[in-house]
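# Results of the structural survey
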Amino acid sequence: MQTATDILDIQRIRADFPILDQLVNGKQLVYFDNAATTQKPLPVLDALSGYYGGYNANIHRGIHQLAEKATAAFEATRRKFQEFLNAEHLEEIIFTYGTTDGINLVAQSYGRRFLKEGDEIIISTLEHHSNIVPWQMLCEEKGCILKVIPIDDNGDLLIDEYEKLLTERTKLVSVVHVSNALGTINPIRTIIDKAHAVGAVVLIDGAQASSHITLDVQALDCDFYSLSAHKLYGPTGMGVLYGKKAILNAMPPYRGGGEMIKEVTFEKTTYNDLPYKFEAGTPNIADVIAARTALEYIEGLGKENIAAYEHELLMYATEKLGEIDGLRIVGQAREKVSVISFVLDGIHHQDTGVILDQLGIAVRTGHHCTQPLMHRLGIAGTSRASFAVYNTREEIDRLAQGILRVQKMMM
Amino acid sequence: MTINEKQDEIIDEFDLFDDPLDKTQYIIDLGKKLPPMPEKYLTDDNRIMGCQSKVWLGAEKQGDTIHFFADAEPTAQISKGLISLLIRVLSDEKPEAIASADIYFIEKVGMGNLVTSRRAGGLASMLAQMKAYGQVYATNPA
């Protein structure tokens, strides 16, 4: 049987990412911090320089040729994300500065308009701070109540407990699709259906899922889905908030300024239509344009192929790291993306990270912006290796050797 | 020995190592020798915030000098080693000398990123706190 490793030519893919070919502390770089941000392939870099070098212009209102070209490229990204998410309508794709920005948009626009004192918002123990703090701010302002879905020790959500939290007071559920700290893939279709059954709207934090999982917002039936381009081999400072058209239309603008208006007088301003109502000010044109190239790059490889290959890496890494005495993998959920969090007996994760870095291996250490989750697991933090399509088994071998070196140095 | 003489001595010691990993091993070994901090100083007030590892710093005026006590949580060996170097340089010095000290050994031995970046415990905060103690005791000798 053909495996993803056979289908994808990893060495050819690696050649598209020149950043990988460098020495760090005198050692060949192993980049395992992909859950924080993925590296960018040459076509994405070319798209950025192509825009600035060839047709840099402000979009939408210019009548000159450069503005026309920039506008067309900018709007082509919207269409590409519509395909990527299988959104029904083009205007359901709102450009943001990233996942966090999209969540804040929903909290500040939808939340402030439609939630009131005593209403309940449900999140989960697995959330990144980005999907906790905006709701806490809203609760503080509106007198809403925040409830949290618990997890088991493997890092799976307790869906039975979620059901108990749902009441007629539940107005909004905001849950992460894939845990950044543990890699858990949550059963979001179930979560969405159960929320809808009590009349709540659902936001999915897709920051970690979007590069690994094929998305279909219509099949999921989520009301909002927020993601970041920089975790999709695209540029930083660019993201997408998908929202159902009817809900977005009912929401007031979040920021005021240019682009989001139809007409302004000192007496009254009328607002633009979707999606521009939520895109005040000159947008991040270059990064929006380059994000389309990133999606095309993923398409070219085949998202299923990427997912299958990353799964092979995850299985291999789970086996290799599992053989190391004194290493405990944190997060053994039933379904995971290619993220391995681990702790070493008697060794601080920070020290692990420092020594691995000296060996040329980039991992992330700490609480991964999920302090409540770490508290639930009874640990201060972990070391986290997260894999992307350009990583290899040989690199995982180097990680395993590096961990043994860390243990030896700390003895 | 002055603060600068102590710094130069540390720089000479680290010059013996070519491989950064050997330097790190030396820091880890220093950390293992760091004397435990007196219980009374392990308080939230003495906790240095902003570090990935838990770090505490206490100070006592002894005669005309300041004696520092510091520690990190038991597993944070690199932090402990760096703490021991900061104590070696600044402890038992006069407040004015501590407050005005130019700490250059950290960069010279190639540990700048360990001390200044968040990843390795933000020990820059601890250094700043030590100098602040110097400033306070210099202006309030009692």
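Computed from a prediction, not measured in an experiment: that's the story for all the values here.

### Regarding the sheet that holds strand β8 (residues 201-205) of chain A
Residue and element names in this part refer to chain A.
- Spatial strand order, β4-β10-β9-β8-β7-β5-β6: seven strands in an open sheet with mixed pairing. Strands with a single pairing partner mark the edges of an open sheet, and in this sheet they are β4 (93-96) and β6 (145-149). In this sheet, adjacent strand axes meet at a mean angle of 20° when their direction is disregarded.
- In the sheet, β8 pairs with strand β9 (residues 224-228) via three bridges, with the strands oriented parallel. Looking across to β9, one finds that leucine 203 is bridged to phenylalanine 224.
- Of the strands in this sheet, β4, β9 and β10 (239-243) touch helix α4 (residues 65-85), which is tilted by about 120° from β4.
- Packed onto the sheet, helix α5 (residues 99-114) meets β4, β7 (170-176), β8, β9 and β10 and runs at close to 150° relative to β9.

### Observations regarding the sheet that holds strand β13 (residues 327-330) of chain A
Residue and element names in this part refer to chain A.
- Strand order in the open sheet formed by four strands is β13-β14-β17-β16, with antiparallel pairing between adjacent strands. Of all strands in the sheet, those bounded by a partner on one side alone are β13 and β16 (364-366). On average, each strand axis in the sheet is tilted by 30° relative to the strand beside it, whichever way the strands run.
- Of the strand pairs in this sheet, strand β14 (residues 339-344) and strand β17 (residues 382-386) are connected by four bridges, and their pairing is antiparallel. Note on β17: the bridge partner recorded for phenylalanine 342 is serine 383.
- Of the strands in this sheet, β13 and β14 are in contact with helix α12 (residues 303-322), which crosses β14 at around 10°.

### Brief notes about the nonpolar core
Residues and elements named next belong to chain A.
- With 152 residues, the main nonpolar core has Phe81 and Tyr225 as its most contacted residues.
- Looking at this core, the element that brings in the most residues is helix α11 (residues 285-301), giving nine residues.
- Ranked by size, the runner-up nonpolar core spans 24 residues in total, among them Ile121, Trp135, Leu203 and Phe224.

### Observations regarding empty space enclosed by the protein
All names here are of chain A.
- The full count for this structure, using the stated rule, is one cavity of 30 Å³ or more.
- Reported here for the largest cavity is a volume of approximately 80 Å³.
- Every residue lining the largest cavity is counted, 13 residues in all, and those nearest its centre are Asn34, Ala35, Gln208, Ser211 and His212.
- Of the residues assigned to the lining of the largest cavity, the class counts are four nonpolar, seven polar and two charged.
- Each of domain 1 (4-40 + 302-410) and domain 2 (46-299) contributes no fewer than three residues to the lining of the largest cavity.

Parameters and conventions
- Residues numbered from 1 in each chain as written.
- Chains lettered and ligands numbered in written order.
- Predicted model: local features only at pLDDT ≥ 70, side-chain atom pairs only at ≥ 80, totals over all residues.
- Heavy atoms only, no water.
- Pairing = 2+ DSSP bridges.
- Helix = DSSP H or I, 4+ residues; strand = E, 2+ residues; numbered from the N terminus.
- Axes fitted to C-alpha atoms, helices over the stretch in contact; angles between N-to-C directions.
- Contact = heavy atoms within 4.5 Å.
- Core = buried A, V, L, I, M, F, W, Y, C linked by side-chain atoms within 4.5 Å.
- Buried < 20%, exposed > 50% of the residue type's maximum accessible area, 1.4 Å probe, protein only.
- 1 Å grid on protein atoms, 1.4 Å probe; cavity = no way out; pocket = protein on both sides within 12 Å on 5 of 7 lines; lining within 4 Å.
- Points joined across faces, edges and corners; volume = space filled by probe spheres on them.
- Nonpolar A, V, L, I, M, F, W, Y, C, P; charged D, E, K, R; others polar.
- Domains from an automatic or database assignment.

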